[in-house]
Every structure is written in C-alpha cells, then in structure tokens.
Amino acid sequence: MNAGQIADRLNAEGLRPPKRSKTFTKNAVRDLLRSLGIQRSRTPARQARPDLDEHEWWLRDLAEHLQMSEVTLDAWVRRGWATGYLHPQAGLRIVSAEPTEVERLRTLHQVLRGQHNRRPWMNNQTVGTNTEPEGATGDETEPQV
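Residues numbered from 1 in each chain as written. Predicted model: local features only at pLDDT ≥ 70, side-chain atom pairs only at ≥ 80, totals over all residues. Heavy atoms only, no water.

In the nomenclature of an unreviewed UniProt entry, the protein corresponds to Recombinase family protein from the organism Streptomyces sp. NBC_00180.

So this is what it looks like as structure tokens:
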C-alpha cells in the first residue's frame, strides 16, 4: 500500500494522529514511516542508476564513503563547499570529487562543528589584545588597548 492508502485505512478504522490533525494524511504517514525507519527509498537502486563520469559520485555514495550524513553533504554542495549538480534523468545530486577533494571533504567533516567559522574570529582576537601586564612600563601618555 502507498502512504495515501495507509492513511485512508487508518482513518477508516477510527485511528487518529496524536497532534493537530483530526485525520491521517499521506504526508503524516510518510513522516511516521520515516521516523520508524521503514520508509522505502525513493532513490533508484544502485544497479539502475545511470553511469557517471570519472571522479563523480552519487551524493549518497560519497556520504557513505566519508561516513557522514547525506543531509550535511547536500548542504555543503548548496553552500559551495563542494561541487555538485542534479542529474537530469535521475533527479539525484551528483558530487564531483577527485581523490584530493575527497580527502579535503573528509578533513572538513572531522573539524568540530562550527570550528571553521570560529577559528578566523579567534585568530583575529589575539591581534588587538594587549599582552602586557597592567601598569607595565612604557609610554604612560599612550592609551593601552
């Protein structure tokens, strides 16, 4: 049965969703199935996918190779941190990555969350900081930062 048929069946049997809605919808059923881990994939089976050029990866395969979330890798492509495009026939994202790029992505994935944003800010903080102890000898007429 598809999600719409499951929703109709649940509604016919008098079952109700826990929040905000009086009846089940196909989207609610899809969300429920996905959260339970029993949603079947909408992506084509690996053997049915079109062939790719050299150094191109299906997003799912590269994410699996890098041991990271597909959502994170997709966000990186959207931000321009990785190069990718949507395949015209399959409708799936393809990431272009030579071996050196794969290693760069692996290294980027190992950086602590937000660290790539924090590091430049933290480095700039030491430039404007006065490292001399308070009351240090020097030109007393100049203000210290």
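Right, let's get into the sheet that holds strand S3 (residues 93-96). Taken in spatial order, the three strands line up as S1-S3-S2 in an open sheet, and their pairing is antiparallel. The open sheet has two free edges, formed respectively by strand S1 (56-58) and strand S2 (83-86), since each of these has just one partner strand. For this sheet the average axis-to-axis angle between neighbouring strands, irrespective of direction, equals 30 degrees. Summarising the sheet, S1 and S3 pair through three bridges and their orientation is antiparallel. Opposite Trp 57, over in S3, you have Val 95 as the bridge partner. Packed onto the sheet, helix H4 (residues 70-79) meets S2 and S3 and runs at close to 70 degrees relative to S3. (Pairing = 2+ DSSP bridges. Helix = DSSP H or I, 4+ residues; strand = E, 2+ residues; numbered from the N terminus. Axes fitted to C-alpha atoms, helices over the stretch in contact; angles between N-to-C directions. Contact = heavy atoms within 4.5 Å.)

Our focus in this paragraph is unusual backbone geometry. Backbone geometry follows two general trends: most residues other than glycine have a negative phi, and most peptide bonds adopt the trans configuration. Notably, His 55 is not glycine yet its phi reads approximately 65 degrees, a positive angle. Note on placement: His 55 falls in the loop between helix H2 (26-36) and S1. Residue Gln 67 is not a glycine yet carries a positive backbone phi of 55 degrees.

Any two side chains of opposite charge can pair, given that their charged atoms come close. Evaluated as defined, the whole model comprises seven salt bridges. A salt bridge links Arg 104 to Glu 101, with the shortest nitrogen-to-oxygen separation between them at 2.8 Å. With Arg 104 and Glu 101 both in helix H5 (residues 99-110) and three residues apart, the pair spans about one turn of that helix. It is possible to trace a salt-bridge network through shared partners that takes in Asp 74, Arg 78 and Arg 93. (Salt bridge = Lys/Arg side-chain N within 4 Å of Asp/Glu carboxyl O.)

Attention now goes to the packing of aromatic side chains. The full count for this structure, using the stated rule, is one aromatic pair. Seen in terms of ring centroids, Trp 76 and Trp 81 are 6.0 Å apart; in terms of plane orientation they differ by 45 degrees. Their pairing is tilted. For Trp 76, a relative accessible area of 6% corresponds to the buried category. Arg 79 extends its terminal NZ or CZ atom over the ring of Trp 81, reaching a point 4.9 Å from the ring centre. (Phe/Tyr/Trp six-rings, centres within 6.5 Å; stacked < 30°, edge-to-face > 60°. Buried < 20%, exposed > 50% of the residue type's maximum accessible area, 1.4 Å probe, protein only. Lys NZ or Arg CZ within 6 Å of the ring centre and 35° of its normal.)

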